[in-house]
Amino acid sequence: MTALDVRHADVDLGGARVLHDVSLRVDQGELVGLLGPNGAGKTTLLRTVLGLQPVRSGSVLVAGRPARPGRTPVGYVPQRHDFAWDFPICVADAVLTGLTGRLGPVRRPGVRHWEAVADALDRVRLTALAERPVGQLSGGQRQRVLVARALALRPQVLLLDEPFTGLDLPTQELLTALFADLAHEGRAVLMATHDLLGALAACDRVALLHRTVIAAGTPATLAADTAAWTTAFGVGPDSPLLRALRAV
Ligand SMILES: Nc1ncnc2c1ncn2[C@@H]1O[C@H](COP(=O)(O)OP(=O)(O)OP(=O)(O)O)[C@@H](O)[C@H]1O
């Protein structure tokens, strides 16, 4: 079943068209990689799915309904530098901030909120660090906090914005396995990443974005589509990227 359905979306930022006629679908149970060069519009597309960025034309449906900030069952894992790691709170409290919009008028968390936090920490294997100040965590642990924070909402759709930046290879592999598990349990997961070959290895489908979707398909289909990579990344025929794709 389709969980996320972007149809012919145009998005403007600062008066300029950043996304043009973008169509992209993510089904329940799928991990889809969103690949494209710097400035391609990946973050803008994720923000559009969250309902934070309006579409000029076209539509964005999450679980069949138009995206609305705070109302849509979408978990968002921002880039790691977008979180205030020097804020003096512990891991559990940081995960709880993912539920801020759900706390009701008195803003006080109840038993079910703390249960959601505990479940999310368990899912990313951070239960033992629940009381640790977030400023004392490694990069990989911080990334898992952000994933738990998104999972606390129990979302049907999970958006990941460059989750591997600055992480060592074993941590990347661990997180990739987690993201695949989260998808294959029934969520729809859309992951923007610059780890092109890693995405081809791990994702069920990948989409190449450069202001519009240049191509989308299975990793095997996409890896063979040299023209699509050339268009999306503006690389020449001798590019190491194209050589690496031939080896996939
Ligand atoms: N507030 C803004 N006003 C105008 N243009 C913007 C604004 N924010 C971003 N842009 C432009 O929109 C385009 C898409 O940016 P976006 O951050 O979505 O790309 P990205 O693919 O996520 O890039 P990166 O891989 O570098 O993170 C870029 O050209 C960027 O300069």
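Note that the structure is a prediction, hence the values are computed from the model and not measured. (Residues numbered from 1 in each chain as written. Predicted model: local features only at pLDDT ≥ 70, side-chain atom pairs only at ≥ 80, totals over all residues.)

**Observations regarding the overall build of the chain**
Quick note on the threshold: Per the convention used, a helix needs a DSSP run of H or I reaching at least four residues, while a strand needs a run of E reaching at least two, with both numbered from the N terminus. Throughout, radius of gyration means the C-alpha value; the globule benchmark is 2.2 Å times the number of residues raised to the power 0.38. We call two residues in contact whenever the C-beta atoms placed from their backbones are within 7 Å.
A tally of helices and strands in the chain yields nine helices and ten strands. What you see for the chain is a C-alpha radius of gyration of 18 Å, in line with the 18 Å of a compact globule of 248 residues. Seen through its principal axes, the chain has C-alpha atoms that stretch 55 × 40 × 35 Å. Contacts in the chain between residues at least 24 apart in sequence constitute 67% of all its contacts with a sequence separation of at least 6.

**Some words on the sheet that holds strand β2 (residues 16-27)**
By definition, the strands of a sheet pair up through backbone hydrogen bonds, in either a parallel or an antiparallel sense. In plain terms, the rule: At least two DSSP bridges between two strands are needed for those strands to be called paired.
Taken in spatial order, the four strands line up as β2-β1-β4-β5 in an open sheet, and their pairing is antiparallel. Edge positions in the sheet fall to β2 and β5 (65-66), since each has one partner strand and no second. Where strand β1 (residues 2-13) meets β2, eight bridges bridge the pair, whose relative direction is antiparallel. Residue pairing for β2: Thr-2 is matched across the bridge by Asp-27.

**A look at the environment of Phe-83**
Applied cut-off: With C-beta atoms placed from the backbone, the exposure class of a residue follows from how many other C-beta atoms lie within 10 Å of its own: 20 or more, buried; 12 or fewer, exposed; in between, partly exposed.
Position of Phe-83 relative to the elements: it lies in the loop between β6 (74-77) and α2 (91-96). You can call Phe-83 partly exposed: it has 18 C-beta atoms within 10 Å. Not counting chain neighbours up to four residues away, the residues in contact with Phe-83 comprise Pro-78 and Leu-146.

**Describing the domain arrangement of the chain**
The test is simple: Boundaries between domains were set according to an automatic or database domain assignment. When residue character is reported, Ala, Val, Leu, Ile, Met, Phe, Trp, Tyr, Cys and Pro are called nonpolar, Asp, Glu, Lys and Arg charged, and the others, Gly included, polar.
Domain parsing of the chain yields domain 1 (2-73 + 156-246) and domain 2 (85-154). Each of domain 1 and domain 2 was reduced to a C-alpha centroid, and the two centroids are 25 Å apart. Every contact between the two is made by nine residues of domain 1 and, on the other side, seven residues of domain 2. Tallied by class, the residues present in the side of domain 1 that touches domain 2 amount to six nonpolar, three polar and no charged.

**Some remarks on the environment of Val-117**
With respect to the helices and strands, Val-117 occurs in helix α3 (residues 111-123). Residues Val-117 and Ala-150, spaced 33 residues apart in sequence, show a C-alpha to C-alpha distance of 9.9 Å. Excluding residues that lie within four positions of it along the chain, Val-117 makes contacts with Ala-92, Val-95, Leu-96 and Ala-152.

**Some thoughts on helix α1 (residues 42-49)**
The buried count for α1 comes to seven of eight residues, which makes it a mostly enclosed element. Among the residues of α1, Lys-42, Thr-44, Leu-45, Leu-46, Arg-47, Thr-48 and Val-49 are the ones counted as buried. Downstream of α1 by a residue or two, Gly-51 has a phi angle that is positive, lying close to 85 degrees.

**Some details on helix α5 (residues 169-184)**
Keep this limit in mind: For a helix, the expected span equals 1.5 Å multiplied by the number of residues minus one. An arc is given here, and it is the one of the directions from the helix axis to the C-beta atoms.
The end-to-end C-alpha distance of α5, which contains 16 residues, comes to 22 Å, matching closely the 22 Å that a straight helix rising 1.5 Å per residue would cover. Of all the positions in α5, only Leu-175, Thr-176, Phe-179, Leu-182 and Ala-183 are classed as buried. All buried residues of α5 fall inside an arc of 125 degrees around its axis, so they share one side. The exposed set on the far side of α5, more than 90 degrees from its buried face, consists of Pro-170 and Ala-177. Looking at the buried residues of α5, the elements they touch are β3 (31-35), α4 (139-151), β7 (157-161), β8 (188-192) and α6 (196-202).

**Focus on the pairing of strand β10 (residues 213-217)**
Bridge analysis of strand β9 (residues 205-209) against β10 gives four bridges, and the strand direction is antiparallel. By the bridge assignment for β10, Leu-209 is matched with Val-213. Hairpin remark: β9 followed by β10, antiparallel, with three residues in the connecting loop; positive phi at Arg-211, about 70 degrees.

**Here we look at the site of the ligand**
Just so we agree on the cut-off: Whether a residue is near a molecule or strand depends on its C-beta atom, placed from the backbone, lying within 6 Å of it.
Every residue near the ligand is listed here: Leu-13, Gly-14, Ala-16, Val-18, Gly-36, Asn-38, Gly-39, Ala-40, Gly-41, Lys-42, Thr-43 and Thr-44. Counting only elements with at least two residues in the shell around the ligand, the list comes to β2 and α1. In terms of residue count, the dominant contributor to the shell around the ligand is α1 (three residues). Counted by class, the shell around the ligand contains four nonpolar, seven polar and one charged residues.

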